[in-house]
Amino acid sequence: MRLDYPRLVSRCTHRKQLNQIQAVLTSSGRLLSSVFLHNVLLRAHSRTPSPIPSIPLYTQLLRFGLRPDTHTFPSLLKSCSLLLALPQGLSAHAHALRLGLDSHLFATNALIHFYSVAGDLASARRLLDASPETDPVSYNSMISGYVRAGDLDRARMLFEEMPERDTVTWCAIISGCVQGGRSKEALAFFSRMQIDGFEPNDMTLVSVLSACAHLGALEQGKWVHGYMRSNGIKISVFLGTSLIDMYAKCGQVELGLKVFEEMREKNLLTYTTMIKGLAMHGQGLEALRLFSHMETSGFVPDDVAFIGVLCACTHAGLVDQGREILDSMSRRYGIKPKLEHYGCMVDLLSRNGLLDEARDLVESMPMEPDALVWGALMAGCKVHRNVELAEHAVKHLIQLEPDSSGVYVLLANVYASSGRHDDARKVRLLMKKRQVEKTPGCSLVEIGGRIHQFLVGDIAHPRIKDILLKWDEIESRIRLEGYVPDKKTVLLNIDEEEKEDALARHSEKLAIAFVLLSTKEGMPIRVVKNLRVCSDCHQVTKLISKVYNREIVVRDRTRFHLFKGGSCSCNDYW
DNA sequence: TGGAAGTTAT
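Starting from 1, residues in each chain are numbered consecutively following that chain's sequence as written. The naming scheme follows written order: chains are lettered A onward, ligands numbered 1 onward. Whole-chain, interface and lining totals are the exception, using all residues; otherwise, since this is a predicted model, local features are given only for residues with pLDDT of at least 70 and side-chain atom pairs are given and counted only at 80 or more.

(A) The arrangement of the overall build of chain A in detail. Strands here are runs of E lasting at least two residues and helices are runs of H or I lasting at least four, both read from the DSSP assignment and numbered beginning at the N terminus. What chain A contains, in helices and strands, is 30 helices and 6 strands. Structurally, chain A occupies a C-alpha span of about 90 × 55 × 50 Å along its principal axes. A fraction of 63% describes how many contacts in chain A between residues 6 or more apart in sequence connect residues 24 or more apart. It is the C-beta atoms, placed from the backbone, that decide contacts: two residues are in contact if theirs lie within 7 Å.

What follows is the structure, given as structure tokens:
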């Protein structure tokens, strides 16, 4: 009985087997005269993640004097896109053009996809405009092309002008928004998608969960989990990992752990996400335990996994373990620590007051320290009031990032907290002279599935009057508990009373006042912040949790704070 | 015998 090679090849997903079949076909001479078999092989290769054999196969087809047909170019171009083989893709285009095969719909789609992946959106657009026949596929490729190029506005414009959309279109625009850091818009597209009658699939839900994670939108994230259950959507590795991330970033590590334990199939990313989630919640020892469990389960950690564990050590103050882990990276796994790993280590040492060791590490690193490394050292200097070292760090920082506000703010804070107000003022003047903008603080809260956003000093919210009145009430109540505004962190050159006012309008205070105003007594409060919590807001939130008897979870730029009965889970260490 | 969309990190 003769083997049905075309069927065998098209069902084959393993590269090794595929190469074996190809070798048999070559040696038996069957490839010599068959464009069809070449096409089948090209297609099979293009379905593997790294279709390296596609290009020699195509060259061979030409060498045998065979003429490519309509099926050849789509597969070949897909391989070129995957391999980012630009010259080969361009010459394939030229060849298709010569043979008159470029205007076939599938070839056009493949070409548009190729140019989108290659970052040549102008060429992709020209093909789209010139194509007599289009379907959503080519538009979808271009939407993700614009997203990859960081041009979300163009992606949105194309989305709006498309004659018809399909599930993939919605998925592309939703994930595009998420990747472009515009998660709120992603969720808006998600509801629009459902109104338009499209059912989300697992790929869409992964992006939606990622949006919820960024926004801290627990209610919507839970809704997605519920949707999966009621629609029988299986928890794939992708979905499970996204769920874990969503729960961790929305302040519910326990629910994340539950998903993690129930997942039958896990990969390195799943572990890394869970480890990082535990780290953010200060459960450093748990994270370390999971890391060793991962190792014994046969997963080989990569550099990102190491960032995760080092991060766990930082948030839990585990200095010795951190040193040991950094050392084991190269010793046990042959992974050279990168800048990021040194950054974590500097952060770990300097937060724990080991400033000399941190400085030594910065100076002995095998690569040039970047702004993040100096920034970590600087943050430690602020906590442990080491003005000299802070000045040293800031010199490097200002050279590396002259336009970043963070540097100036940190230095001014160091000066202010050690009483050197004149110097603090000089920094502020320097900032003004160089026209450095301070990143505005921003807090998000979710009420009844809707996200409310507050900026520092924001008066745009429709209920701002009530919110400020509520704040007055809060302030008088927490003053009875001993609250005194901590004006050290305010570097504005203004008089005392205004300083208090500026503090009172920090975004998380506005957000918390708003939630107290709009939710029932005893309901927990969740806030997501873009910057680190300032010490005044930290103190205020502790007191509110006591006076109003509320559990308050604040996710700041790097970690979680769980405020309860007047104290915080970070033990005032952040 | 053909195509487009997804998860982690300082």
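After that view, the rundown keeps rolling.
(B) Molecular detail of the protein's contact with DNA strand B. Using a C-beta atom placed from the backbone for every residue, we mark a residue as near a molecule or strand if that atom lies within 6 Å of it. In the vicinity of DNA strand B there are 56 residues, among which Asn 39, His 71, Val 137, Phe 238 and Thr 241 approach most closely. In terms of residue count, helix α11 (residues 167–179) provides more of the surface near DNA strand B than any other element does, 7 residues in total.

(C) Looking closely at the UniProt feature "repeat: PPR" (unreviewed entry) in chain A. UniProt positions are given in the numbering used here, feature names are shortened, and annotations may be inferred rather than shown by experiment. Residues annotated in UniProt with the feature "repeat: PPR" (unreviewed entry) correspond here to residues 135–169, 236–266 and 267–301. A helix fraction of 74% and a strand fraction of 0% characterise residues 135–169, whose end C-alpha atoms lie 11 Å from each other. The span residues 267–301 is 74% helix and 0% strand, and its two end C-alpha atoms sit 10 Å from each other.

(D) Looking closely at helix α16 (residues 253–262). Counting other C-beta atoms within 10 Å of its own, a residue is labelled buried from 20 upward, exposed at 12 or fewer, and partly exposed in the gap between, with every C-beta atom placed from the backbone. When we look at burial in α16, the residues that qualify are Val 253, Gly 256, Val 259 and Phe 260. With its buried residues spanning 115° around the axis, α16 presents them on a single face. Across α16 from its buried face, at more than 90 degrees, point the exposed residues Glu 254, Glu 261 and Glu 262. Those residues of α16 hidden inside the fold are in contact with α15 (237–249) and α17 (268–280). By construction, the arc corresponds to the directions joining the helix axis to the C-beta atoms.

(E) Structural view of the pairing of strand β5 (residues 560–564). Where strand β4 (residues 552–555) and β5 come together, 4 bridges link them in antiparallel fashion. Bridge assignment links Arg 555 to a residue of β5, and that residue is Phe 560. Between any two strands, at least two bridges found by DSSP are needed for them to pair. A loop of 4 residues connects β4 with β5, the two strands running antiparallel in sequence. Of the pairings in the sheet, the one linking β5 to strand β6 (residues 567–568) comprises 2 bridges and is antiparallel in character. The residue of β6 that forms the bridge with Phe 563 is Cys 568. Where β5 hands over to β6, the hairpin turn is made up of 2 residues, of which Gly 565 adopts a positive phi near 50°.

(F) Broad picture of the sheet that holds strand β3 (residues 525–529). One open sheet holds the 6 strands; their spatial order is β2-β1-β3-β4-β5-β6, and the pairing between them is mixed. The strands lining the two open edges of the sheet, one partner per strand, are β2 (450–455) and β6. Relative to β4, β3 runs parallel, the two being bridged by 4 bridges. Paired with Val 528 across the two strands is Arg 555, which belongs to β4.

(G) Summary view of the packing of helix α19 (residues 303–316) against helix α20 (residues 319–333). At a minimum axis separation of 9 Å, α19 and α20 run at an interaxial angle of 165°. In terms of axis orientation, α19 runs roughly antiparallel to α20. Of the two possible hands of crossing, α19 and α20 adopt the one that is left-handed. Within the contact between the two elements, α19 uses Phe 306, Val 309, Leu 310 and Cys 313 and α20 uses Gln 321, Gly 322, Ile 325, Leu 326 and Met 329. Across the contact of α19 with α20, the residue classes break down as 7 nonpolar, 2 polar and no charged. For helices, the fitted line uses only the C-alpha atoms of the stretch in contact; every axis is such a line through C-alpha atoms, and the angle between N-to-C directions lies from 0 to 180 degrees. These descriptions rest on fixed angle ranges, namely under 35 degrees for roughly parallel, over 145 for roughly antiparallel, 65 to 115 for roughly perpendicular, and the rest for oblique. Left-handed describes a crossing whose near helix is turned anticlockwise from the far helix by less than a right angle; the clockwise case is right-handed. When residues are sorted by character, Ala, Val, Leu, Ile, Met, Phe, Trp, Tyr, Cys and Pro go into the nonpolar class, Asp, Glu, Lys and Arg into the charged class, and all the rest, Gly among them, into the polar class.

(H) Quick look at the packing of helix α29 (residues 507–518) against helix α30 (residues 535–547). Relative to each other, α29 and α30 sit at 15°, their axes nearing to 10 Å. Here α29 lies roughly parallel to α30, going by the angle between them. Where α29 crosses over α30, the handedness of that crossing is left-handed. Residues Glu 508, Lys 509 and Ile 512 of α29 lie in contact with α30, whose contacting residues are Cys 537, Val 540, Thr 541 and Ile 544. The residue makeup of the contact of α29 with α30, split by class, is 4 nonpolar, 1 polar and 2 charged.

(I) Local environment of the nonpolar core. Linking buried Ala, Val, Leu, Ile, Met, Phe, Trp, Tyr and Cys residues through C-beta atoms within 7 Å yields a set, and such a set is a nonpolar core. In this structure, Val 309 and Leu 310 are the most contacted members of the largest nonpolar core, which totals 156 residues. At 9 residues, the largest contribution of residues to this core is made by α19. Residue ranges assigned to each domain were obtained from an automatic or database domain assignment. A domain split of this core shows at least three residues from each of domain 1 (349–438) and domain 2 (442–568). Sequence-distant contacts of Val 309, that is, excluding residues within four places in its chain, are made with Ile 275, Ala 287, Leu 288, Phe 291 and Ile 325.

(J) Molecular detail of the environment of Met 345. Inspection of the secondary structure assignment puts Met 345 in helix α21 (residues 339–351). Remark: the alpha-carbon pair of Met 345 and Ala 96, spanning 249 residues in sequence, is separated by 54 Å. Discounting chain neighbours no more than four positions away, the residues touching Met 345 are Leu 310, Gly 322, Leu 326 and Leu 361.

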